[in-house]
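The chain contents come next:
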Amino acid sequence: MDTARNIVILGSTGSVGASTLDVIALHPLRFKVVALTAFGQVDALFDQCIKFTPLYAVMVAESGAEQLSVRLKAAGSSTEVLCGEQALERVAALEQADTVMAAIVGIAGLRATYAAVRAGKRVLLANKEALVTAGPVFMGAVRSSGALLLPIDSEHNAVFQVLPANFNGDLGRSGVRRILLTASGGPFRDMPSEKFATITPDQACAHPNWVMGRKISVDSATMMNKGLEIIEASWLFNADEKSIEVVIHPESVIHSLVEYLDGSVLAQLGNPDMRTPIAYALDYPRRIDSGVSFLDLAAIGGLHFSLPDCARFPCLKLAREALRAGGSAPAVLNAANEIAVAAFLTSNLPFDRIPDLIEDALESAAFGPVESINDVFRADRTARDFATQWLTDQKLGFRNRSMQVHA
Ligand code: NAD
Ligand code: MG
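All of the points below concern the structure found in this document. (Residues numbered from 1 in each chain as written. Chains lettered and ligands numbered in written order. Predicted model: local features only at pLDDT ≥ 70, side-chain atom pairs only at ≥ 80, totals over all residues. Heavy atoms only, no water.)

**So, the layout of surface pockets**
Turning to step 1, where the next piece is worked out: The computed volume of the second largest pocket comes to approximately 680 Å³.
Turning to step 2, where the next piece is worked out: What lines the second largest pocket is a set of 27 residues, and nearest its centre among them are F160, F167, G169, L236 and F237.
Turning to step 3, where the next piece is worked out: When contributions to the lining of the second largest pocket are tallied by element, the ones reaching two or more residues are helix 6 (128-145), strand 7 (148-151), helix 7 (154-162) and helix 10 (224-236).
Turning to step 4, where the next piece is worked out: Across the lining of the second largest pocket, the residue classes break down as 18 nonpolar, six polar and three charged.
Turning to step 5, where the next piece is worked out: Formed jointly, the lining of the second largest pocket draws a minimum of three residues from each of two domains, domain 1 (5-151) and domain 2 (159-272 + 293-300). (1 Å grid on protein atoms, 1.4 Å probe; cavity = no way out; pocket = protein on both sides within 12 Å on 5 of 7 lines; lining within 4 Å. Points joined across faces, edges and corners; volume = space filled by probe spheres on them. Helix = DSSP H or I, 4+ residues; strand = E, 2+ residues; numbered from the N terminus. Nonpolar A, V, L, I, M, F, W, Y, C, P; charged D, E, K, R; others polar. Domains from an automatic or database assignment.)

This is the structure:
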């Protein structure tokens with residue numbers, strides 16, 4: 001038996017984080033959890049610490065860290081509680097760890113994910129926003145540190161699985177013509193756009209096939225998730241924008257495909273459950289039990305495909321524009337989207353205005369090069385300020401509109 005893998009989970013209390021611990025729990029001798037982190041979910045992190053006995057637990061929120069520390073001590077736990085954002089970077093680069101699951105949501109996870117990459121870890125990348133916003137810097141650090149980057153996003157994990165095993169970043173030499181990312185189309189795939197204005201946060205978060213955190217669920221509903229995934233794929237697989245297609249596939253059984261020059265199309269299939277890509281990456285290249293139920297194709301009966309509708313889902317088009325523009329444009333897209341989604345989730349922005357805010361943020365921004373993480377955060381800050389001001393300016397407009405609707 002090989003020695004155990006020592007794992008840090010950034011964002012362990014989230015959907016991907018919890019699924020990672022579910023897979024780890026099936027293989028107690030193979031994986032040792034050395035650090036867990038959360039923003040402020042004391043109860044959930046406490047339970048995880050008791051079950052997985054990490055060396056460190058990081059709680060970003062100060063009051064939560066104090067509570068967690070007191071409770072763990074009272075329970076006789078030897079887990080050391082650290083607090084604040086810098087502690088995330090510290091555990092991401094921990095000497096005792098060889099593997100880091102990056103599962104914080106949003107650009108909030110960038111610094112810690114980047115720290116893991118720079119420390120040359122095996123990085124299991126769920127936090128797509130880190131790569132989307134900081135692509136050139138992030139991939140540069142992967143090359144110079146020798147980190148192994150394993151995609152967790154189900155589509156990218158599928159592409160990774162069906163590319164040649166010795167893929168070296170040159171799609172043309174590998175005989176690849178196109179990457180086809182599948183998309184379920186989200187809960188509003190067939191809804192006429194006139195009804196988008198009345199969509200509630202709970203409706204948007206009720207994804208037909210996947211159970212996920214609220215931010216990515218809204219992204220799936222607007223199809224910005226697929227837009228971010230196009231950008232993510234371009235960095236992971238060194239693919240230009242034109243060679244990445246999106247195909248709507250409502251069953252979410254085919255997780256993505258690679259088309260080769262000879263006409264072959266290779267796909268990875270499975271039940272829509274994140275434990276499969278997580279298990280694949282956790283012990284890569286060895287395959288391990290994930291706890292996922294096996295695919296029953298006859299029971300599914302049929303698989304369907306269609307083209308995405310960019311008129312009803314303009315976020316797809318906006319993401320492609322940002323990718324083509326390059327530099328800080330994806331960071332601007334991401335920042336405006338994070339602000340828009342947060343405003344929608346708190347009922348401060350109607351669903352149908354999410355793309356408007358992002359489009360205006362992109363139009364108003366002066367894109368610059370991304371040569372350092374600071375460049376990313378500068379673009380992020382400016383776009384957030386713009387988006388926040390946009391929301392303030394529009395507030396009166398929304399109020400007027402809803403008064404007209406109710407009149
Ligand atoms: P989630 O909201 O369920 O969990 C997020 C985790 O990050 C939590 O542990 C939370 O405590 C932590 N966190 C949130 N804000 C933080 C902050 N400011 N600082 C530090 N930690 C913070 O999210 P999720 O659905 O698990 O998604 C995580 C990432 O994985 C996202 O980038 C998402 O796009 C990606 N992803 C998720 C899925 C999925 O099925 N959920 C699939 C593919 C990719
Ligand atoms: Mg995905």
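That was the structure; now back to the text.
**Focus on the packing of helix 10 against helix 13 (residues 315-325)**
Turning to step 1, where the next piece is worked out: Axis separation between helix 10 and helix 13 bottoms out at 7 Å; the angle between their running directions is 25°. Taken together, helix 10 and helix 13 sit at an angle that is classed as roughly parallel. The handedness of the crossing between helix 10 and helix 13 is right-handed. Mapping the contact onto sequence places M224, K226, G227, L228, I230, I231 and S234 in helix 10 and C315, L316, A319, R320 and L323 in helix 13.
Turning to step 2, where the next piece is worked out: The class makeup of the residues in the contact of helix 10 with helix 13 is eight nonpolar, two polar and two charged. (Axes fitted to C-alpha atoms, helices over the stretch in contact; angles between N-to-C directions. Parallel < 35°, antiparallel > 145°, perpendicular 65-115°, else oblique. Left-handed = near helix turned anticlockwise from the far one by under 90°. Contact = heavy atoms within 4.5 Å.)

**So, the sheet that holds strand 9 (residues 244-248)**
Across a sheet, strands are paired by hydrogen bonds formed along the backbone, either parallel or antiparallel in direction.
Turning to step 1, where the next piece is worked out: As summarised here, the arrangement of the four strands in space is 9-8-10-11, forming an open sheet in which the pairing is mixed. Of all strands in the sheet, those with a lone pairing partner are strand 9 and strand 11 (265-269), marking the two edges. Going from strand to strand, the sheet's axes swing by 20° on average, the running direction of each strand aside.
Turning to step 2, where the next piece is worked out: Here four bridges tie strand 8 (residues 176-183) to strand 10 (residues 254-260), and the two strands are oriented antiparallel to one another. Of the residues in strand 10, the one forming a bridge with V176 is Y260.
Turning to step 3, where the next piece is worked out: Most of the contacts of helix 10 go to strand 8, to which it runs at about 150°, and overall it touches strand 8 and strand 9. (Pairing = 2+ DSSP bridges.)

**Some remarks on the sheet that holds strand 5 (residues 99-102)**
Turning to step 1, where the next piece is worked out: If you walk across this open sheet you meet the seven strands as 4-3-2-1-5-6-7, and the pairing is parallel. Two strands bound the open sheet, and with one partner strand each, they are strand 4 (80-83) and strand 7. Within the sheet, the average angular offset between the axes of one strand and its neighbour, ignoring direction, is 20°.
Turning to step 2, where the next piece is worked out: Of the strand pairs in this sheet, strand 3 (residues 56-59) and strand 4 are connected by four bridges, and their pairing is parallel. If you follow Y56 over to strand 4, its bridge partner there is E80.
Turning to step 3, where the next piece is worked out: Its contacts with the sheet place helix 2 (residues 42-52) against strand 2 (31-38) and strand 3, and it is angled at close to 165° to strand 2.

**Quick look at the coordination of the magnesium ion (ligand 2)**
Turning to step 1, where the next piece is worked out: Here the magnesium ion (ligand 2) is held by the protein donor atoms D153 (OD), E155 (OE) and E229 (OE), which lie 2.1 to 2.2 Å from it.
Turning to step 2, where the next piece is worked out: All donors of the magnesium ion (ligand 2) come from a single chain, and their spacing in sequence reads D-x1-E-x73-E. Here the residue E155 occupies a position in helix 7, and E229 occupies one in helix 10, the gap between them amounting to 74 residues. Side by side, E155 and E229 carry an identical accessibility label, which is buried. (Donors = N, O, S within 2.8 Å, 3.2 Å for Na, K, Ca; no water. Buried < 20%, exposed > 50% of the residue type's maximum accessible area, 1.4 Å probe, protein only.)

**Brief notes about the site of ligand 1**
Turning to step 1, where the next piece is worked out: Ligand 1 sits among 24 residues. The nearest are T13, S15, F39, E129 and G213.
Turning to step 2, where the next piece is worked out: Contact distances for ligand 1 include 3.3 Å between an oxygen atom and a backbone N or O atom of G11.
Turning to step 3, where the next piece is worked out: Between ligand 1 and F39, the relevant distance is 2.9 Å, taken from an oxygen atom to a main-chain nitrogen or oxygen of the residue.
Turning to step 4, where the next piece is worked out: Protein chains bury 88% of the 830 Å² of accessible surface belonging to ligand 1 in isolation. (Near = heavy atom within 4 Å. Polar contact = N/O pair within 3.5 Å; in protein donor to acceptor, adjacent residues only side chain to side chain. Areas by Shrake-Rupley, 256 points an atom, 1.4 Å probe, with all protein chains shown as cover.)

**Quick look at unusual backbone geometry**
Turning to step 1, where the next piece is worked out: Each neighbour pair has its own omega, and for Y284 with P285 the value is 5°, a cis peptide bond.
Turning to step 2, where the next piece is worked out: Note on placement: P285 falls in the loop between helix 11 (275-282) and helix 12 (297-300).
Turning to step 3, where the next piece is worked out: Within the chain, N238 stands out as a residue other than glycine whose phi angle is a positive 55°.
Turning to step 4, where the next piece is worked out: Here N238 is to be found in the loop between helix 10 and strand 9.

**What to know about the pairing of strand 11**
Turning to step 1, where the next piece is worked out: Across five bridges, the pairing between strand 10 and strand 11 is antiparallel. Residue V258 lies in a different strand from strand 11, and its bridge partner there is L266.
Turning to step 2, where the next piece is worked out: The antiparallel hairpin formed by strand 10 and strand 11 contains four residues in its connecting segment, where G263 sits at a positive phi of about 95°.

**Regarding a nonpolar patch on the surface**
Turning to step 1, where the next piece is worked out: A surface patch of nonpolar side chains, about 220 Å² in accessible area, is lined by L269, L297 and I300.
Turning to step 2, where the next piece is worked out: Looking at the element boundaries, I300 is found in helix 12.
Turning to step 3, where the next piece is worked out: Exposure remark for I300: the relative accessible area of 31% places this residue in the partly exposed category. (Patch = residues over 30% accessible without salt bridge, like charges linked within 9 Å, V, L, I, M, F, W, Y side chains within 5 Å. Salt bridge = Lys/Arg side-chain N within 4 Å of Asp/Glu carboxyl O.)

**Describing the packing of aromatic side chains**
Turning to step 1, where the next piece is worked out: Overall, the coordinates contain eight aromatic pairs when judged by the stated rule.
Turning to step 2, where the next piece is worked out: On the numbers, 6.3 Å between centres and 80° between planes, the contact of F160 with Y280 is edge-to-face. Taken as a pair, F160 in helix 7 and Y280 in helix 11 lie far apart in primary sequence, 120 residues in all.
Turning to step 3, where the next piece is worked out: Residue classification places Y280 among the buried positions, given a relative accessible area of 12%. (Phe/Tyr/Trp six-rings, centres within 6.5 Å; stacked < 30°, edge-to-face > 60°.)

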